[in-house]
Amino acid sequence: MQHPPSLLRSKIAARISRKLAFIYTAIYLLLLLSLLAVLTPILYRDAVKRETQLHSIFTEEYAALQTQLSESMNSLSNDFFLLLDTYVKLPDDASRALIVQALSSYAASYHNYAAVGVSLPSGEYISSFYYTNIQQRELLDGNVHYQNLLSTHSNSYYSPIYTGRIYTEKTTYMDTNYDDLIYFSKNYSYGVNTYTLTVFYKISETLQKNNTLNASSFNSYLILDKYDDVIYTTDTALSEPLRNYLLEDSFKFSSSVGSFRFQKGLCFYKSIPATGWRVFSYVSFTRMLQDLLLILGLVTALYLISPILYNIFLVSVTKKQLAPLKNLADTMAAFHAGEDIRSEINTRDEIEDLSNVFNKMVVEINAQVKDIGLKEHENSVVNYKLLATQIDPHFIYNTMNIINIMARQGNTSAIVEINTALVRILRERLNSKLSIHDTVKNEYDTMIQYEVIMNYRYQHQVEIHYDIDDALMDMEIPKNILQPLVENAFYHGFGDMDIVLHGHIDIMIYAIEENLIIEVSDDGKGISPERLSQVMEQDYSIYKDKKPHIGVNNIRQRLNYIYQGNYQMEIHSTEGLGTTVIITIPKQMPAEFTSA
């Protein structure tokens, strides 16, 4: 019986494949066993050495932190303890305020110190400005070892590391935006009194550094204090079994540093003699020998290459069948939203069905692109109005502060005047029927209200002069274009000058041919040439000020939206003499915005 050639070739290919598979499998197993026998002991020793060094490194980080906390506390002067003695003998608010100030100054002088507190013999607790007394006392009162420190007057105590989970369990008042904390408490005897000083340290940076280092080589780590309590752990599921194992009578530490087998890996440990802390790092055998696994993976990949290459020859057989699918893929790849492109495939199978679905999708996408284009135009108008209604938060804050001062002085008429001006300004900014443009007169009226507030703010030391052509009062200009320029003149021209102010701001609006000129000048401190160059070349603020005032970038964006580059904005300044901002725009508002 004669077999078809294709069937014969399939049987021969199958027989050759079986023989090749047997040979390659035998070679692979032999090489695999050889590598395991030779490399496993070598890589194991190297891994133990490497893990020991890494464990020692981040253990020393905690030891260094403890040393820093202890030594910094010893830097407190006798004047501080004398202040405490004075308060204990005769408590009063003035002495207590001095203690709070001293604690706050001490906390601020060290990096990552969250708060500092002191417990007096009477049981009273005084702390620095940061974190409330309630938050600190909850952490202290809930710790039995801290309470023992108060009653026995022993030397010192390091707390557990309080992370977010522990905050939730231990405290009621702590905000969710907390720092990871640890506190160190130490008793100091001064005369007949003993004071317990506590430093709350933000340990987030140390944890992040050590956790990153630990994650690079270990599965998890655990810290126990001298009372065998858990100070910190990265894996709660492992910490309790490991702690129980260490507390067994049969377990003994052979030295202050070493390792032992635990579960399916090794546990490295090192003691910190000064405090009795022990730091444990656990790593599984699988992770220790990951280099070996990588080598075995490469050997396996090499073993699979030949069968893969053998199967590549089948591509030529299926190439003809896959050609229509490749054409469809090329058409899909070449398609861009908005293009009218079609796939022409007639194979009378699933590929043709897929081609028809793609053609339908092209039609739907192009329709959506057209709708999106219309919506983007609408959104650009909304974005412009959002820019125009931005309100400087510091202007609101300072105005409220002025009203508060006037209230304390009992100046009712000033409060009414300031409040009325502020309401008119806000009503103009937040008008629900806001348009893109407004008349020069309305912009001028808003400036009059703004000037009322600024006169109280600067105690009439900065005068505003107006030079506006009466014939231009009904002309339309971009809404809220004037006040941001004057705001910058006040805040940046005079806002942080140390001398007594006596300045001037000049506002001029006039026409030259078909253009309208808006000019705002001040005789404040001015801008350096270098900074002015940056402002003119890029979208920087005029001044290097961290306060988020509304500045020239906001105005540039709005002017560019309306006039599409058909405008000019010039800034001239001389240090010590003042700054002038000149805006030149067409007298006629573009037609598409006349009814916006």
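Shown above is the structure to which this text applies.
Now for a look at the structure at hand. Just so we're clear, the structure is a prediction, and the values are computed from it rather than from any experiment.

About the thresholds
- Residues numbered from 1 in each chain as written.
- Predicted model: local features only at pLDDT ≥ 70, side-chain atom pairs only at ≥ 80, totals over all residues.
- Heavy atoms only, no water.
- Core = buried A, V, L, I, M, F, W, Y, C linked by side-chain atoms within 4.5 Å.
- Buried < 20%, exposed > 50% of the residue type's maximum accessible area, 1.4 Å probe, protein only.
- Contact = heavy atoms within 4.5 Å.
- Patch = residues over 30% accessible without salt bridge, like charges linked within 9 Å, V, L, I, M, F, W, Y side chains within 5 Å.
- Areas by Shrake-Rupley, 256 points an atom, 1.4 Å probe, with all protein chains shown as cover.
- Salt bridge = Lys/Arg side-chain N within 4 Å of Asp/Glu carboxyl O.
- Lys, Arg positive; Asp, Glu negative; His and termini not counted.
- Charge placed at Lys NZ, Arg CZ, Asp CG, Glu CD.
- Helix = DSSP H or I, 4+ residues; strand = E, 2+ residues; numbered from the N terminus.
- Phe/Tyr/Trp six-rings, centres within 6.5 Å; stacked < 30°, edge-to-face > 60°.
- Polar contact = N/O pair within 3.5 Å; in protein donor to acceptor, adjacent residues only side chain to side chain.
- Pairing = 2+ DSSP bridges.

1. Section: the nonpolar core
Then, number 1: Among the nonpolar cores identified, the biggest contains 54 residues, and Tyr450, Ile453, Val486, Phe490, Ile505 and Ile583 are the most heavily contacted of them.
Then, number 2: Beyond its immediate chain neighbours, meaning those up to four positions away, Phe490 contacts Tyr450, Met454, Tyr458, Val462, Ile464, Gly495 and Ile505.

2. Notes on a negative patch on the surface
Then, number 1: On the surface, a cluster of negative charge is made up of Asp467, Asp469, Asp470, Asp506 and Asp523.
Then, number 2: Among the secondary structure elements, Asp523 is positioned in the loop between strand E15 (515-522) and helix H17 (529-537).

3. Topic: the packing of aromatic side chains
Then, number 1: Under the criterion given, the structure shown has 30 aromatic pairs.
Then, number 2: Their ring planes at 75 degrees and their centres at 6.2 Å tell us that Phe58 and Phe218 sit as a pair that is edge-to-face. Note that Phe58 is positioned in helix H1 (residues 5-73) and Phe218 in the loop between helix H7 (204-217) and strand E6 (220-224), a separation of 160 residues in sequence.
Then, number 3: Judged by relative accessible area, which is 0%, Phe58 ranks as buried.
Then, number 4: Its relative accessible area of 1% is what places Phe218 among the buried residues.
Then, number 5: With a centroid separation of 6.0 Å and 70 degrees between ring planes, the pair formed by Phe218 and Phe268 is classed as edge-to-face. Linking Phe218 in the loop between H7 and E6 with Phe268 in strand E9 (residues 265-272), this pair joins segments that are 50 residues apart in sequence. Taken individually, Phe218 and Phe268 each receive the classification buried, so the pair is uniform in this respect.

4. A closer look at a nonpolar patch on the surface
Then, number 1: On the surface, Phe22, Ile23, Tyr24 and Ile27 cluster together into a nonpolar patch covering about 420 Å² of accessible area.
Then, number 2: Residue position: Phe22 is located in helix H1.

5. Looking at the side chain of Gln66
Then, number 1: With respect to the element layout, Gln66 can be found in helix H1.
Then, number 2: Owing to a relative accessible area of 4%, Gln66 belongs among the buried residues under this scheme.
Then, number 3: If we ignore the near neighbours within four places in the chain, the residues touching Gln66 are Tyr158, Ile272, Thr275 and Trp277.

6. Observations regarding the side chain of Asp225
Then, number 1: If you trace the backbone, Asp225 turns up in the loop between E6 and strand E7 (230-233).
Then, number 2: Buried charge without a salt bridge: Asp225, with Arg243 as the nearest opposite-charge side chain at an N-O distance of 7.4 Å.
Then, number 3: A polar contact of 2.9 Å, which involves the side chain of Asp225, links it to the backbone nitrogen of Tyr227.
Then, number 4: Apart from residues lying up to four places away in sequence, Asp225 is in contact with Ile231, Gly276 and Trp277.

7. With respect to the pairing of strand E8 (residues 257-262)
Then, number 1: As paired strands, E8 and E9 are joined by six bridges and run antiparallel to one another. Residue pairing across strands places Ser259 opposite Phe268, the latter belonging to E9.
Then, number 2: What sits between the antiparallel neighbours E8 and E9 is a turn of two residues, in which Gln263 has the positive phi angle 50 degrees.

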